[in-house]
Amino acid sequence: MKQINIIKSSIVPVNIENIDTDQIIPARFLKSTSREGFGKNLFRDWRYNNDDENQPKADFPLNNPTYKGRILVAARNFGCGSSREHAAWAIKDAGFDVVVSSFFADIFRNNSLNNFLLPIQVNEAFLQEIFKAVENDPATELEVSLEAQTITIIGTPNSPSTGGSRGEAFDINSYKKTCLLNGYDDIDYLLSMRNEIEAFEAARP
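Rules used in this analysis
- Residues numbered from 1 in each chain as written.
- Predicted model: local features only at pLDDT ≥ 70, side-chain atom pairs only at ≥ 80, totals over all residues.
- Heavy atoms only, no water.
- Salt bridge = Lys/Arg side-chain N within 4 Å of Asp/Glu carboxyl O.
- Buried < 20%, exposed > 50% of the residue type's maximum accessible area, 1.4 Å probe, protein only.
- Helix = DSSP H or I, 4+ residues; strand = E, 2+ residues; numbered from the N terminus.
- Polar contact = N/O pair within 3.5 Å; in protein donor to acceptor, adjacent residues only side chain to side chain.
- Contact = heavy atoms within 4.5 Å.
- Axes fitted to C-alpha atoms, helices over the stretch in contact; angles between N-to-C directions.
- Parallel < 35°, antiparallel > 145°, perpendicular 65-115°, else oblique.
- Left-handed = near helix turned anticlockwise from the far one by under 90°.
- Nonpolar A, V, L, I, M, F, W, Y, C, P; charged D, E, K, R; others polar.
- Pairing = 2+ DSSP bridges.

Participant: Just to check I follow, could you spell out the pattern of salt bridges for this structure?
Facilitator: Where charged atoms from two side chains of opposite charge come close, those side chains can pair. Under the criterion given, the structure shown has 10 salt bridges. Ionic pairing is found between Arg44 and Asp51, a salt bridge with its closest N-O pair at 2.7 Å. Residue classification places Arg44 among the buried residues on the basis of a relative accessible area of 7%. Lys176 is the partner of Asp186 in a salt bridge, and the nearest nitrogen-oxygen pair spans 3.7 Å. Taken together, the residues Asp186 in helix H7 (residues 186–192) and Lys176 in helix H6 (residues 174–182) connect sequence positions 10 residues apart. A relative accessible area of 14% means that Lys176 is categorised as buried.

Participant: Would you mind showing me how to read the side chain of Asn41 here?
Facilitator: With respect to the helices and strands, Asn41 occurs in the loop between helix H1 (21–24) and helix H2 (44–47). We classify Asn41 as buried; its relative accessible area is 6%. Within the structure, Asn41 has its side chain in polar contact with the side chain of Arg44 (distance 2.8 Å). Ignoring sequence-local partners within four residues, the contact set of Asn41 consists of Ile24, Ile25, Pro26, Phe29 and Arg47.

Participant: Is there a simple way to think about the packing of helix H3 (residues 86–93) against helix H4 (residues 106–114) in this case?
Facilitator: For any two helices packed against each other, the geometry is given by the interaxial angle and the distance between the axes. Between H3 and H4, the shortest axis-to-axis distance is 8 Å and the interhelical angle comes to 50°. Between H3 and H4, the crossing angle belongs to the class labelled oblique. The interaxial crossing formed by H3 with H4 has right-handed handedness. In this structure, H3 contributes Ala87, Ala88 and Ile91 to the contact, and H4 contributes Phe108, Asn111 and Ser112. Residue classes in the contact of H3 with H4 are distributed as 4 nonpolar, 2 polar and no charged.

Participant: Can you help me understand the pairing of strand E7 (residues 166–169) in this one?
Facilitator: In regular strands, side chains alternate between the two faces of the sheet. Judged by which residues are buried, E7 turns out to be one-sided: Arg166 and Glu168 face inward and are buried, whereas Gly167 and Ala169, on the alternate face, are not. Where strand E6 (residues 150–154) and E7 come together, 4 bridges link them in antiparallel fashion. Of the residues in E7, the one forming a bridge with Thr150 is Ala169.

Participant: I keep staring at the environment of Ala90 and nothing clicks. Help me out?
Facilitator: Take Ala90: it is sitting in helix H3. Classification of Ala90 as buried rests on a relative accessible area of 0%. With 11 residues separating them along the chain, Ala90 and Gly79 place their C-alpha atoms 12 Å apart. Excluding residues within four positions of it along the chain, Ala90 makes contact with Ile25, Phe38, Gly39 and Leu42.

Structural measurements only, silent on function.
Put into structure tokens, the structure is as follows:
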């Protein structure tokens, strides 16, 4: 259930730079230590007027039914600010498996990988291509291959002519890649090597 490899999905674009973790999940919602339930408060202060769920801001992408999918695309410097792991929890709990930006704060990146949320860093030009593609056609999809470490823009029959699909490679820590492909947390990874560990110990009484 936690495994990540091929993800093909439409896009939810949030074209705002320097989104910090307090904007992702405001501090007043950090009382719980469980990972569940944070998704409804993702970008809370940007989604509603006067913090009232009955007054959604129609112009915010998460409130726009035109945009949906498992891939969140944000502008440069995503996840800066405090080190709260709840930011990754909120994005994952809201139904996203991938977040794309041209730059991530290191702590947010690590928190995401530890919570089976794949942060993909692309160059700025490719990021702007994604935003332009979804602006021209909200049904535009991205296809992510963790195994191949590629991300590709997939047009639709209604998309303006773009010369076909465009993609690029992305980097990821090899250990974290193995964990995501197999659905392992750190303990699961060690348990997967139990036979090798026991053989090593047996050879060294």
